[in-house]
Amino acid sequence: MITKDEVEHVGWLARIEIDDADAEDYAVKLSSVLDYFGQLDEVDTEGVEPTYHVADVMNIFREDVVTPSLDQKDVLANTAAEKDGYIKAPRII
Amino acid sequence: MAEWLSISDVRKKISESSAEEVTAAYLETIGQSRINGYTCTYDGALEMAKQADKGEGEGLLAGVPIAIKDNISTKGLATTCSSKILEGYVPPYDAHVIERLKAEGAVILGKTNMDEFAMGTSTESSCYGVTMNPWDLERVPGGSSGGSAAVVAAGEAPISLGSDTGGSVRCPAAFCGVVGLKPTYGAVSRYGLISYANSLEQIGPMATCVGDIATVMDVIGGYDPRDSTSINREISYRDALVDDVKGLKVGVPEEYFGEGVDGGVEKAVWDAISKYEEMGATWEKVSMPNTKYALAAYYTIAMSEASSNLARFDGTRYGPRNDGENWHVMASRTRAEYFGKEVQRRVLLGTYALSAGYQDKYYLKALKVRTLVKQDFEKALSNVDVLMGPTMPMPAFRIGEKIEDPLSLYLTDVNTVPMNLAGVPCISVPCGLSDGLPVGLQIIGKQFDEATIIRSAYAFEQNTDHNKARPAEVI
């Protein structure tokens, strides 16, 4: 069972503000799903390698050549706050 | 009244009138729609059709209208993943598949409704409200590509694109009585597809017939260096349209007919397997022992990847932004307000599964189980050519029936998620009705052996009348 406090902590890690009432509801619904995930414990995975993805490729490189990129104006068109060609955001620290 | 048209029907109409008139007729049908399948139509559609008319029919899809799921980036056309957090977002570039469609002359009709960020099996979590199933307006169309399936079933587009992370093309195809393909992982570039769980998902076509699926795959498939998991293989999908399954070896996994499978679904699927036998194929039971753990492994992996992929929606570069005294508070408030509840649940669960102390228990364990599920497919498909079973264990359920209990909704994905874990191709084709609602037969093949599942589906379609069934509102 995941507690209300844990829900709030995970909410902070995930950057999702959770109020008291929602934390209660999440604690119940997330717990039932986590219980279900718990059935993975039944499986014997001794010596089994994890599969991160199934494409039989790794370390894909490209030639180090300059190619056209998106126009700065187009990229900035979707931000809520723009200044002098930059995206403006509140202070981080 | 709307009608079901194949690509060749559409091309015939274009030759008799023009691409512009055909597109205008579709836009008119969409304007009268009762199913809420589109999130928006494209105001440049008629212009694209006029260009196709000028090009004198060049291109594999010249003048052919197509509907696009709302998580595939379209330059100059809103792309929101049916989420408030992307309200007003207009991509500055086209996805690879859109570039390919444009190069072949296709006309983009608009964007289709979906579960928010493709997280769902019913299209009920969309911020635009649910899409109705054209066979019964009180039922869901399936999900997450519910809009893409429903608009094809309602005659509001001849073909569409969806995306399939754990069944999101095949489930709505089955529920709406159309054909839907999830390609092998790596067969279609994901460049421009807004990621939910990137190690699992592929863009896939939906259509009224198997032939059109092959045509769209010939357009959108192939290598693209902008997707590092894109695989360089030349495949002609249309060459697989052969009406012959003599000697085809079919495996029927008993686990796909587990507890809770609807009687009408079970009957329709077994009738289909008997039909294959009649057509010269043989079948045998096979065992996929790790199937029962696939769902838990799938959701653990999908949610973990989602928690990382959706970190970019923080109010900074796109979408609405709430106030906050610093960036963290701004982002936390923005995400709390504009992500829907199901998206929040999955991001929270994924964050939990990846957090210190739990990563080995949940995430790493799920990746190991994924290996076992993949080995089940390799083993079964070393003895048979294809696997068959029900796409969904039940026909379309009622709107509101499952949405309040997330786990009950997750459980409906039991027959569709294993293929995404293994990366194998699979197709859902109509195989009859259960109480007047469509049933989908799922055909699964080896990695990059789309040819065999397309041939199997095509032969079935040619020798049965199932794809002639229509919802009441369609001719």
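Residues numbered from 1 in each chain as written. Chains lettered and ligands numbered in written order. Predicted model: local features only at pLDDT ≥ 70, side-chain atom pairs only at ≥ 80, totals over all residues. Heavy atoms only, no water.

> Report on the overall build of chain A, specifying residues and quantitative values.
Looking only at helices and strands, chain A features 3 helices and 2 strands. When the helices and strands of chain A are placed in sequence order, the string is α-α-α-β-β. Since a compact globule built from 93 residues should have a radius of gyration of about 12 Å, the 22 Å found for chain A marks it as more spread out than a globular shape. Its C-alpha atoms give chain A principal-axis dimensions of roughly 50 × 45 × 20 Å. (Helix = DSSP H or I, 4+ residues; strand = E, 2+ residues; numbered from the N terminus. Rg over C-alpha atoms; globule rule 2.2 N^0.38 Å.)

> So, the sheet that holds strand E4 (residues 159-164) of chain B: which residues are in play, and what are the values?
Residues and elements named next belong to chain B. Strand order in this open sheet of 11 strands is E1-E3-E2-E4-E6-E5-E10-E11-E9-E7-E8, and the pairing throughout is mixed. Of all strands in the sheet, those with a lone pairing partner are strand E1 (38-41) and strand E8 (282-286), marking the two edges. Taking each pair of neighbouring strands and ignoring which way they run, the sheet shows an average axis angle of 30°. Bridging between E1 and strand E3 (residues 107-112) involves 3 bridges; their strand directions are antiparallel. Bridge assignment links Thr-41 to a residue of E3, and that residue is Gly-110. (Pairing = 2+ DSSP bridges. Axes fitted to C-alpha atoms, helices over the stretch in contact; angles between N-to-C directions.)

> Account for the UniProt feature "active site" (unreviewed entry) in chain B, naming residues and giving values.
Residues and elements named next belong to chain B. The sites that carry the UniProt feature "active site" (unreviewed entry) are, in the present numbering, Lys-69, Ser-144 and Ser-168. In three dimensions, the annotated residues from a span of 100 residues occupy one location, with a maximal C-alpha spread of 10.9 Å. Lining the largest cavity, from the residues named above, are Ser-168. Turning to its location among the elements, Ser-144 is positioned in the loop between E3 and helix H5 (146-153). When neighbours within four sequence positions are excluded, Ser-144 is seen to be in contact with Lys-69, Asn-113, Met-114, Asp-115, Ala-118, Met-119, Gly-120, Thr-123, Ser-163 and Ser-168. Looking at the element boundaries, Ser-168 is found in the loop between E4 and helix H6 (170-176). Ser-168 has contacts with Lys-69, Ala-118, Gly-120, Gly-143, Ser-144, Ser-145 and Ser-163, leaving out every residue within four places of it along the chain. (UniProt positions renumbered as here; feature names shortened; annotations may be inferred. 1 Å grid on protein atoms, 1.4 Å probe; cavity = no way out; pocket = protein on both sides within 12 Å on 5 of 7 lines; lining within 4 Å. Contact = heavy atoms within 4.5 Å.)

> Pulling in residues and values, what's your account of the pattern of salt bridges?
All told, the structure shown has 26 salt bridges over all chains when counted by the stated rule. The salt bridge involving Asp-20 of chain A is made with Lys-4 of chain A; its shortest N-O contact spans 3.4 Å. Placement of the pair is Asp-20 of chain A in helix H2 (residues 20-37) and Lys-4 of chain A in helix H1 (residues 4-13), with a sequence separation of 16 residues. Under the relative-accessibility criterion, Asp-20 of chain A is labelled partly exposed at 48%. Residue Lys-4 of chain A is classed as partly exposed on the basis of its relative accessible area of 28%. The salt bridge involving Asp-41 of chain A is made with Lys-361 of chain B; its shortest N-O contact spans 3.1 Å. Remark: Lys-361 of chain B occurs in helix H12 (residues 360-383) and Asp-41 of chain A occurs in the loop between H2 and helix H3 (72-76); the pair is interchain, linking two chains. You can call Asp-41 of chain A partly exposed: its relative accessible area is 46%. For Lys-361 of chain B, a relative accessible area of 35% gives the class partly exposed. When salt bridges with common partners are traced through the structure, they connect Lys-4, Asp-20 and Glu-24 of chain A into a single cluster. (Salt bridge = Lys/Arg side-chain N within 4 Å of Asp/Glu carboxyl O. Buried < 20%, exposed > 50% of the residue type's maximum accessible area, 1.4 Å probe, protein only.)

> Explain the nonpolar core to me, using residue names and the numbers behind them.
Residues and elements named next belong to chain B. Within the largest apolar cluster, 157 residues are counted, with the highest numbers of intra-cluster contacts made by Leu-101, Phe-117, Leu-161, Ile-220, Tyr-276, Phe-377 and Ile-443. For this core, the leading source of residues is helix H9 (residues 291-309), giving 11 residues. Contacts of Ile-220, omitting those with residues within four sequence positions, involve His-96, Val-97, Arg-100, Leu-101, Leu-161, Val-188 and Ile-203. Ranked by size, the runner-up nonpolar core spans 15 residues in total, among them Trp-4, Val-152, Val-169 and Met-206. (Core = buried A, V, L, I, M, F, W, Y, C linked by side-chain atoms within 4.5 Å.)

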